[in-house]
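Chains, contacts and geometry: an overview
So you can see what is in the structure, the chains are spelled out below.
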Amino acid sequence: MRNPHDIIIRPWITEKTMDMQQQRKYVFVVDRKANKTEIKNALESIFGVKVAKVNTINVRGKVKRMGRFEGKRPDWKKAIVTLTDDSKTIEFFEAI
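Thresholds, definitions, all that
- Residues numbered from 1 in each chain as written.
- Predicted model: local features only at pLDDT ≥ 70, side-chain atom pairs only at ≥ 80, totals over all residues.
- Heavy atoms only, no water.
- Phe/Tyr/Trp six-rings, centres within 6.5 Å; stacked < 30°, edge-to-face > 60°.
- Helix = DSSP H or I, 4+ residues; strand = E, 2+ residues; numbered from the N terminus.
- Expected span 1.5 Å × (residues − 1).
- Buried < 20%, exposed > 50% of the residue type's maximum accessible area, 1.4 Å probe, protein only.
- Arc of directions from axis to C-beta.
- Contact = heavy atoms within 4.5 Å.
- Polar contact = N/O pair within 3.5 Å; in protein donor to acceptor, adjacent residues only side chain to side chain.

**Quick notes on the packing of aromatic side chains**
One pass over the structure, following the stated rule, counts 2 aromatic pairs. Relative to Trp76, the ring of Trp12 has its centre 4.6 Å away and its plane inclined at 35°; by these criteria the two rings are tilted. Of this pair, Trp12 sits in the loop between β1 (8–11) and α2 (15–19) while Trp76 sits in strand β6 (residues 76–83), placing them 64 residues apart in sequence. When the ring of Phe28 is compared with that of Phe47, the centres are 5.9 Å apart and the planes differ by 35°; the resulting orientation is tilted.

Okay, here's the thing in structure tokens:
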């Protein structure tokens, strides 16, 4: 069994994700190999909440240039987590 802190990397905080909190949706950057069940179990164990639904998106890294040199930002995975109505909120986001 994998460590839950290895699956959930960090929260993804933007203006759009802050507006999603009224709908009880939270966004996290997660491990690229993690599936929806692992993400759900990791969030429930770390934050002590009840997860209703998990949506995942694989985000491709952009190709960037610095002068004549070209590179690529890494690919990553984003998870949009919906909490149940009777679940408590995630305290980390309330401080922001």
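Having seen the model, we can carry on.
**Looking at helix α3 (residues 36–47)**
A turn of α-helix holds 3.6 residues, and therefore any two residues three or four places apart point the same way. Counted at 1.5 Å a residue, the expected span for α3 with its 12 residues is 16 Å, and the 16 Å between its end C-alpha atoms agrees. Ile39, Ala42 and Leu43 are the residues of α3 that are buried. When α3 is viewed along its axis, its buried side chains cluster within an angular range of 95° and face the same direction. Taken together, the buried residues of α3 touch α1 (4–7), β1, β2 (25–30), β3 (51–59) and β6. Put simply, Asn35 is the residue that caps the front of α3, since its side-chain oxygen is 3.3 Å from the backbone nitrogen of Thr37.

**Digging into the environment of Lys88**
If you trace the backbone, Lys88 turns up in the loop between β6 and α4 (91–94). For Lys88, a relative accessible area of 42% puts it in the partly exposed group.

**Digging into the side chain of Ser87**
Residue placement: Ser87 occurs in the loop between β6 and α4. Relative accessible area serves as the criterion here: at 9%, Ser87 is assigned to the buried category. Non-local contacts of Ser87, meaning those with residues more than four positions away in its chain, are made with Arg24, Val49 and Lys50.

**Some words on the environment of Tyr26**
You can see Tyr26 is positioned in strand β2. The spatial distance from the C-alpha of Tyr26 to the C-alpha of Val54 is 9.7 Å, given a sequence separation of 28 residues. Discounting chain neighbours no more than four positions away, the residues touching Tyr26 are Gln21, Ala79, Ile80, Val81, Leu83, Thr89, Ile90 and Phe93.

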